[in-house]
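Geometric and topological summary
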Amino acid sequence: MAERETDRSVSQTVRAQLALRDLILSGGLRPGERISELQAVEFTGVSRTPVRMALVRLEEEGLLDAIPSGGFMVKAFSERDILDSIELRGTLEGLAARFAAERGISSRDLEPLKECLNEIDGLVQQDPISVEAFSSYVALNARFHALLTELSRSPPLIRQIDRASALPFASPSGFVMAQSALPEARQILLIAQDHHRIVVDAIENREGARAEAIMREHARLAARNLRLALRNRSHLDLLPALALINSAAG
């Protein structure tokens, strides 16, 4: 019975964490805005103990700052914060790609990655690429990165990549929807897809250094997307969370 209660508490914490994260990233809470436990309980419909845990986890993710007098405040980010988080993810994904290449991956293990690439090809061949196609790309891109990470066969590294990807705006598809309205949109996706194919080729040929280098370069493409998105805030409806980023801050 105690174990069942613990499982329920964990489930409620995750539910509250996801709901509050969505509220922040959808623009429902603004940078500097305070949120108390009672407000969080009211919004999520979850009791105070799991809500308290959820708020602490969001602080660990970097979305909230604890206030000494009690409660939490929505954090604002500098452009440098985001660029550092993207660079960290790219470094870890590069290591995962190198491990996959050096440890040897069978053709059968690579099949899911290649199938994912073929599906992405169908999207990026559109000209222009529709908003719906961009939405599908987000899901397929996340799948590609997850499959690649798993090929490292390194549970400690996989955990660290998951943590790095959970940092605000650091996930592989963090700025894809914001970029969808840009003139350069299709070109950026074509470059990203080329990176995907090159890293799979490098892994297949057991070229560890090449695989690592291309994944680090791939992450820098996300940094480019960030800069483009910040210069085109007129399409904030596609990524309301851009309001959390102060592009003037270093």
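Residues numbered from 1 in each chain as written. Predicted model: local features only at pLDDT ≥ 70, side-chain atom pairs only at ≥ 80, totals over all residues. Heavy atoms only, no water.

**Description of unusual backbone geometry**
- Of note in this structure, Arg153 is not a glycine but carries a positive phi near 55°.
- Structurally, Arg153 can be placed in the loop between α6 (131–150) and α7 (155–165).
- With relative accessibility at 46%, the residue Arg153 sits in the partly exposed group. (Helix = DSSP H or I, 4+ residues; strand = E, 2+ residues; numbered from the N terminus. Buried < 20%, exposed > 50% of the residue type's maximum accessible area, 1.4 Å probe, protein only.)

**Quick notes on the sheet that holds strand β3 (residues 72–74)**
- Read from one edge of the open sheet, 3 strands run β1-β3-β2, paired in antiparallel fashion. In this open sheet, the two edge strands, each paired with only one partner strand, are β1 (34–35) and β2 (64–66).
- Across 3 bridges, the pairing between β2 and β3 is antiparallel. Looking at the pairing, Asp65 lines up with Met73 of β3.
- Of the strands in this sheet, β1, β2 and β3 touch helix α3 (residues 48–61), which is tilted by about 110° from β2. (Pairing = 2+ DSSP bridges. Contact = heavy atoms within 4.5 Å. Axes fitted to C-alpha atoms, helices over the stretch in contact; angles between N-to-C directions.)

**Details of helix α5 (residues 107–124)**
- For α5, which comprises 18 residues, the first-to-last C-alpha distance of 25 Å matches the rise-based estimate of 26 Å (1.5 Å per residue) to within 8%.
- Its maximal kink placed at Leu113, α5 deviates by approximately 25°.
- Restricting attention to buried positions, one finds in α5 the residues Leu110, Leu113, Cys116, Leu117, Ile120, Asp121, Leu123 and Val124.
- Along its buried surface, α5 packs onto α6 and α9 (185–204). (Expected span 1.5 Å × (residues − 1). Bend = angle between axes of the 7 residues up to and from the residue.)

**Overview of the nonpolar core**
- Formed by 33 residues in total, the largest nonpolar core has its most connected members in Leu110, Leu113, Phe144, Val199, Val200, Ile203 and Ala211.
- Where this core is concerned, the elements lending two or more residues are α4 (79–103), α5, α6, α9 and α10 (208–231).
- In terms of residue count, the dominant contributor to this core is α9 (8 residues).
- In contact with Ile203, not counting residues within four places along its chain, are Ala97, Ala100, Ala101, Ile105, Leu110, Leu148 and Ala211.
- One finds Leu58, Ile86, Ala223 and Ile245 within the second-largest nonpolar core, a separate group that totals 28 residues. (Core = buried A, V, L, I, M, F, W, Y, C linked by side-chain atoms within 4.5 Å.)

In short, geometric facts, not functional conclusions.
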